[in-house]
Amino acid sequence: MKFETICTEEYGEIRMGWIRLLYGCTAFLGITVGSTMLIAPDFSRKVVGIPFSLPVQDPITYGALAGIWTTVGILCVFGLRAPLKFLPLFTLQLVYKSFWFLFIFFPLIFQGQFPEHGWASAVGNLMWMILDIKAIPWKYLFSLDKPLKLAALSPEDTATKESDPHSGKIAA
């Protein structure tokens, strides 16, 4: 499957297809899983840890996680419209999942105490981290002078139009 890519001289390739795919998947999972965790926490414990059921969680922590996942899912819907403006969401995902592996997964594995119900989270987190790494246009994300017009335009606009620096408008 070939995804849309924007090639820029300054930032290299920006894989808009991968970015949009990740926004769509994150929006779907974040909204469905997060809102299910909020509305029906007992049911969600049976679904989130498939094939195992998650143990009873502290409702405050579980609810906070559910709220964050739902919020990220909703923000990813906006990211579908303006993909480059919402890139920090992918960075947030990548960083918190990295911390989860570093401070939760690896210590429990090394101690031989990683629970069976945690494997769904481990596989899902690893898969999402790989997608984040592939989708994020790193040069663009870490540039100090991002062209805001590029962030605001759709991929069709950036492929066919240039910015006129004297007028502040988009020239055809």
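Residues numbered from 1 in each chain as written. Predicted model: local features only at pLDDT ≥ 70, side-chain atom pairs only at ≥ 80, totals over all residues. Heavy atoms only, no water.

Some remarks on the overall build of the protein chain
For the protein chain, the helix and strand inventory stands at eight helices and four strands. For the protein chain, the sequential pattern of α-helices and β-strands runs β-β-α-α-α-α-α-α-α-α-β-β. Sequence separation of at least 24 residues holds for 62% of the intrachain contacts in the protein chain that already meet a minimum separation of 6. For the protein chain, the accessible surface area stands at approximately 10600 Å², while carbon and sulfur atoms represent 69% of it. (Helix = DSSP H or I, 4+ residues; strand = E, 2+ residues; numbered from the N terminus. Contact = heavy atoms within 4.5 Å. Areas by Shrake-Rupley, 256 points an atom, 1.4 Å probe, with all protein chains shown as cover.)

What about the environment of Val95?
Note on placement: Val95 falls in helix 4 (residues 88–110). Owing to a relative accessible area of 40%, Val95 belongs among the partly exposed residues under this scheme. For the pair formed by Val95 and Met129, sequence separation is 34 residues and the distance between their alpha carbons is 8.8 Å. (Buried < 20%, exposed > 50% of the residue type's maximum accessible area, 1.4 Å probe, protein only.)

So, the side chain of Asn125
Mapping Asn125 onto the fold places it in helix 5 (residues 119–135). Residue classification places Asn125 among the buried residues on the basis of a relative accessible area of 10%. Polar contacts involving the side chain of Asn125 include one to the side chain of Lys97, which spans 3.0 Å. The contacts of Asn125, once residues within four sequence positions are left out, are Lys97, Trp100 and Phe101. (Polar contact = N/O pair within 3.5 Å; in protein donor to acceptor, adjacent residues only side chain to side chain.)

Re helix 5
Between its first and last C-alpha atoms helix 5 spans 24 Å; for 17 residues at 1.5 Å apiece the expected length is 24 Å, and the two agree. Buried residues of helix 5: Ala122, Asn125, Trp128, Met129, Asp132 and Ala135, and no others. The buried residues of helix 5 occupy an angular sector of 165° when projected down its axis, which confines them to one face. In helix 5, the exposed positions that point more than 90 degrees away from the buried face belong to Val123 and Ile130. Looking at the buried residues of helix 5, the elements they touch are helix 1 (16–39) and helix 4. (Expected span 1.5 Å × (residues − 1). Arc of directions from axis to C-beta.)

By themselves these figures say nothing about function.
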